[in-house]
Amino acid sequence: MQKIEAVIQPSKLDAVKDALVEIGVEGMTITEARGHGRQKGHTEFYRGREYAIDLLPKVKLEVVVTDAMLEKAIAAITTAARTGAIGDGKIFVSKIDEAIRIRNDERGEIAL
Amino acid sequence: MRLRVAKVYLSLLFVLIVAGSAIGGSRMMAQTAAPVAMTGGMSQGDRIAALEKQNADNAALIAAAQSAGDNAWMLVSAALVLMMSGPGLALFYGGLVRKKNILGTMMQTFAMMAVITVLWALVTYSLAFGEGNAFIGGLHNVFLKGVGLAPDPKYAATIPLQTFMVYQLMFAIITPALITGAFAERMKFSAMLVFMVLWALIVYSPMAHMVWGKGGLLNASLGGRFPTLDFAGGTVVHVTSGVSALITALYLGKRLGYPKVPMPPHSVVLSFIGACLLWVGWFGFNAGSALSAGALATSAFVATHFGAAAASIGWSAAEWIRQGKPSALGAISGCVAGLVAITPAAGFVTPMSALWIGLIAGVGCYFMVVKVKAWFGYDDSLDAFGVHGAGGTMGAILTGVFANSVVYPIFGAGKATGLLEGNAHQLLNQIVGVGIAWSLSIVGTLVILFVVDKMIGLRVSEEDEREGLDLSQHGEEGYDWAH
């Protein structure tokens, strides 16, 4: 099992969600987040004062998938979330040791 | 069943209406018929006496009708001006601070609504509007003694004196509340209360007396020594609050971390709502200052609206050119600057002059807030001086330029009023008025700050400032994200 953590533009959330559901991903967790990458935010002006806003609003999406689904899921996310401009976000993948469904103690891939 | 009940109700209603109009009609006939009946078989002298009496009765009826009309507008205006403080100014300022200070900031304005009101009843109304010398009123009206329902013709002949009193109170509330923008996010609530009480006594009351009170030095309509045109409080409200704001900002010093730590407004949305409420409330402030519901109120209303619109465009245009984008905060700040500048002029100027005054103030205040503040580096946190001090000063002087005797012949019909009509002397009077307002504000505020600082200290501790005024001063939070 693999966990995909994708930090994306908030405006792309719906597209990414639809793309994942399309390929058969059953569950996901969404967090409203703030952050920056190499782009280091933007500047805002309030009454002529310049403010460097380095933490921008983002959405963090976590999905745990089977090894077989991993590449398909990554492709779905990158295709749906890409605008080509800086600030599109990043995807991190890590191994998951165990998954447990609380309702009935099912373990492993069947619990996903 | 339901239908039958409805039918019964309807027919009952019909009977009532028919009966009502029949009774009303016969009563009206009785009123109009009586004088005609009286004239039959009377001597000429009796007839003249009857006509005279009828004339006097009519005059009384007309006066009562006018009084009712004027009073209705003045009560609405008083309520509108209170709405400018809370929620208008409270939201406008509240949105501009960081979110840990929103309640502390709103409370400062709200506290004025309570404290200044009580003080007004006890003593400050008397000091501002009671009989006195050229500088301050006496103590004849303390505890509102003698402030009854009969009009005082010197102030407003057609409305109860209590209406005038409560209307003026609303100005006394918002003026100190405006100052709070300069020392936002760092003043002790206790020190703020003491400061404001003393400020109402030492700065506001004398200034209001000089410009609007009986025998006041600057009173233009009651024969003051230097008649200063100030229709709705350019000097009394905006110059005094704005200049005092600058002094408090300088005396208290900058907020911790200013200007290195970014302190952007936490919610321009709240400020936006506040500014729109201020715009609407300002019709009560300026058009209400006609103290009647006639044509003068209309011209003040129109000038107010035009000034606000032009200033909003002026500020936005300056910002668009210099920073590349017109911001919402810029548009609303410009509107407030225009409302400030048109305040002394409303009621004296034509709509076209109002557009000019607004435009000049919009661009002028933009430069005060964006450029001048940065040059000097003082922390007038929410730009109380940049908008009210600067806008009020510009407006007061421009009133001397644009005041027009056709709009309001305050010095007599056909007599030149402002500079453009050829009365250059009025410009000098305006400068005297502004100069006195500046001097009184600087000296008065400095003395009060010194006294309060020695008594209880002005600033919160560094720890409290970091934590925010909401928690440190009031023990609560404006936003509870956890629930």
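On a predicted model such as this, the values are computed, not experimentally measured, just so you know.

Some words on the interface of chain B and chain A
In this assembly, 10 residues from chain B lie in contact with 6 residues from chain A. Contributions of two or more residues to the side of chain B that touches chain A are made by helix H9 (328–342) and helix H10 (351–376) of chain B. For the side of chain B that touches chain A, a count of residues per class yields 6 nonpolar, 3 polar and 1 charged.

Comments concerning the sheet that holds strand S6 (residues 89–95) of chain A
All names here are of chain A. Judged by pairing direction, the sheet is antiparallel, and its 4 strands sit side by side in the order S2-S5-S1-S6 without closing on themselves. For this open sheet the edge positions go to strand S2 (29–35) and S6, each flanked by a neighbour on one side alone. Strand-to-strand twist in this sheet, taken as the mean axis angle between neighbours without regard to direction, amounts to 20°. Contacting strand S1 (2–8), strand S5 (56–65) and S6, helix H2 (residues 70–81) crosses the sheet at an angle of about 5° to S1.

Focus: the confidence of the model for chain B
When pLDDT is averaged along chain B, the result is 92, and 91% of the positions lie at 70 or above. Predicted as a complex, the structure gets a pTM of 0.83 and an ipTM equal to 0.70.

Comments concerning helix H4 (residues 161–179) of chain B
An α-helical turn contains 3.6 residues, so a residue and the one three or four places further along point in the same direction. Taking 1.5 Å per residue, 19 residues should reach 27 Å; H4(B) reaches 29 Å between its end C-alpha atoms and fits that length. Of all 19 residues that make up H4(B), 18 are buried, and the element is covered over most of its length.

Description of the environment of A:Gly37
Residue and element names in this part refer to chain A. Tracing the backbone shows Gly37 in the loop between S2 and strand S3 (42–46). With 14 C-beta atoms packed within 10 Å, Gly37 lands in the partly exposed category. Sequence-wise, Gly37 and Arg101 are 64 residues apart; in three dimensions their C-alpha atoms are separated by 34 Å.

Here's the deal with unusual backbone geometry
Residue and element names in this part refer to chain B. Following Gly86, the chain continues into Pro87 via a peptide bond in cis, with omega recorded as 5°. Mapped onto the elements of the fold, Pro87 is located in helix H2 (residues 44–96). A cis amide bond links Tyr258 to the next residue, Pro259, at an omega of 0°. Along the chain, the position of Pro259 falls in the loop between helix H6 (234–252) and helix H7 (268–286). The phi torsion at Phe143 lies on the positive side, around 55°, for a residue other than glycine. Residue position: Phe143 is located in the loop between helix H3 (102–129) and H4. Taking the C-beta count within 10 Å as the criterion, Phe143 has 12 such neighbours and is therefore assigned exposed.

Scoring rules and cut-offs
- Residues numbered from 1 in each chain as written.
- Chains lettered and ligands numbered in written order.
- Predicted model: local features only at pLDDT ≥ 70, side-chain atom pairs only at ≥ 80, totals over all residues.
- Contact = placed C-beta atoms within 7 Å.
- Helix = DSSP H or I, 4+ residues; strand = E, 2+ residues; numbered from the N terminus.
- Nonpolar A, V, L, I, M, F, W, Y, C, P; charged D, E, K, R; others polar.
- Pairing = 2+ DSSP bridges.
- Axes fitted to C-alpha atoms, helices over the stretch in contact; angles between N-to-C directions.
- pLDDT = per-residue confidence, 0-100.
- Expected span 1.5 Å × (residues − 1).
- Buried ≥ 20, exposed ≤ 12 C-beta atoms within 10 Å, placed from the backbone.

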